[in-house]
Each structure stands twice: as structure tokens, then as C-alpha cells.
Amino acid sequence: MAMANGSPGLRESKKQRTHQHLAGTALRLFLAHGFDAVSVADVAAAAEVSKPTLFRYFAGKEDLVLCRFADHQDEAARIVRARATGTTPVQALHEHFLAALRDHDPITGLCDSPEVVAFQHLLYSTPALQSRLQHYMDREIELLAEALRPAAPDGLTARLAACHLVTVRHELGQQNWHRIAAGRPAAAVLPEALADADRAFGMLSGGLDDCFQQLI
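Because the structure is predicted, anything quoted here is derived from the model rather than measured.

> When you look at the state of the cysteines in this model, what are you seeing that I'm missing?
In protein chemistry, a disulfide is the covalent bond that joins the sulfur atoms of two cysteines. Following the criterion strictly, the structure yields zero disulfides and no others. Considering cysteine sulfurs only, cysteine 111 is the nearest to cysteine 67, which forms no disulfide, with 17 Å between them. Owing to a relative accessible area of 13%, cysteine 67 belongs among the buried residues under this scheme.

Right, dumping it as C-alpha cells:
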């Protein structure tokens, strides 16, 4: 009985190890030779699995890299749902992003660890990865819209708000990455990154029209 109860956990652990092994092997090959120069067959051979086995874990070649974003797809939704009473969704996501910047969380783009810099360079220099990244953003928007729906007057409002919030998070991340890619240390970039985040989330909190009054 004990073995039967434990076996699903063992199977899941084995699947997780295989998933990590495949993703790690692929990333090493992509960083060494370039994304376009490495085929799925190359990854499978290096990982000592068959192509059908690899495709049981990953839908496509791009997902071998972008699977790292899967853990963050529900992050915004979780932050909104867990926010304190009296805190708006924009405030909650704003505060979380500022904290992540101070921690140099790679998801904010403000991390100068060599491994992270190499990964970000691969991501932002490969058109196929950039195109596939939109799939992950779409799912992030979908999950956040669901979290916003109870407080929104209708589904469209929830989705529009989710689109704005997700886009801001990703655009801030890319802006920070460009600064790091230019050779600037994360500690030196932090003040600008914090100011950018305050301005970006402030635009959402105050309404876009408030930002363009000078143009009226």
C-alpha cells in the first residue's frame, strides 16, 4: 500500500527531472551554437532521448527555452488575488515589481548574472523566440483578466486592464535588459528602473489622459 501511495509522486518527480534535463540540455546547446543552428534532433540526441519523448514534454523547439516563463504566467493573477484589503490591482502589481527590481529578479530584466545575461541575449536576439513569447503573454493576460473580473464592470474591462498591466511589466523588463546588455551593472541601473516603474504604473493608476493633458 505504501508503495502504491508513493508511486504517483515518484512518477511525477521523474517527469520533472526529465523536463529539467531536456530544457537544460537544450539551453546549453543553444547558447553554445545558436538557436537556429541546433535542431530538435540534436537536443534529443544530446539528452539521450528520442524525438517523440522530447515532444511529449515540449510542444516545440521554442518551448525548450521559454518554459522558464511558464512559472510566471500566473504570477500577476496571484498577486492581484492575494492583495491586501484597500489595495488596488495596479498598486499591488506596482509594489511587487518594485520589490522584484530591488531583488534583481531576472524576470524584471535587471539582473547582471552572466548566466541570466546569456539567456536574455538568446531570447531577445532570436526572432522565433520573440514570436513564441507572445503565446506566453497571451496566457498571462488571460489568467490576470480572470483575477480582475470580479472587480471589473464587465469582461472587456477586465481584459483591457490585464493587457495594459502585462504589457507594462514586459516592456519594463525589456528596457532594463537593454541597459544591462549595454554593459551597465544592475546596481547602477536600479534607480532608473525604479523611476521607470513608478512612471509606468502611475500612468495606469491615474489614467492615460492625465499623462497627455499637455497635448490637449
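> Where do I start with the packing of aromatic side chains in this structure?
The geometry of an aromatic ring pair is captured by two quantities: the separation of the ring centres and the angle between the planes. The tally for this structure, following the rule as stated, stands at four aromatic pairs. Seen in terms of ring centroids, phenylalanine 97 and phenylalanine 201 are 6.1 Å apart; in terms of plane orientation they differ by 50°. Their pairing is tilted. With phenylalanine 97 in helix H6 (residues 89–102) and phenylalanine 201 in helix H10 (residues 186–206), this residue pair connects regions lying 104 residues apart in the sequence. Taken as a pair, phenylalanine 97 and phenylalanine 201 share a single burial class, namely buried.

> What is the right way to read the layout of surface pockets from this model?
Any empty space left between atoms is shown by rolling a water-sized probe over those atoms. Size it by volume and the largest pocket reaches roughly 520 Å³. The wall of the largest pocket is formed by 25 residues, among which Phe69, His72, Pro106, Ile107 and Gln120 lie closest to the centre. Elements supplying a minimum of two residues to the lining of the largest pocket: helix H4 (63–70), H6, helix H7 (114–124), helix H8 (127–148) and helix H9 (155–181). Its residues assigned to classes, the lining of the largest pocket shows twelve nonpolar, eight polar and five charged. Space inside the second largest pocket adds up to approximately 250 Å³. As for the second largest pocket, its lining consists of 13 residues, of which Val90, Leu148, Thr157, Ala161 and Leu165 are closest to the centre. Among the secondary structure elements, those contributing two or more residues to the lining of the second largest pocket are H6 and H9. For the lining of the second largest pocket, the element with the most residues is H9, which contributes six residues. In the lining of the second largest pocket, the residues fall into eleven nonpolar, two polar and no charged.

Rules used throughout
Residues numbered from 1 in each chain as written. Predicted model: local features only at pLDDT ≥ 70, side-chain atom pairs only at ≥ 80, totals over all residues. Heavy atoms only, no water. Disulfide = S-S within 2.5 Å. Buried < 20%, exposed > 50% of the residue type's maximum accessible area, 1.4 Å probe, protein only. Phe/Tyr/Trp six-rings, centres within 6.5 Å; stacked < 30°, edge-to-face > 60°. Helix = DSSP H or I, 4+ residues; strand = E, 2+ residues; numbered from the N terminus. 1 Å grid on protein atoms, 1.4 Å probe; cavity = no way out; pocket = protein on both sides within 12 Å on 5 of 7 lines; lining within 4 Å. Points joined across faces, edges and corners; volume = space filled by probe spheres on them. Nonpolar A, V, L, I, M, F, W, Y, C, P; charged D, E, K, R; others polar.

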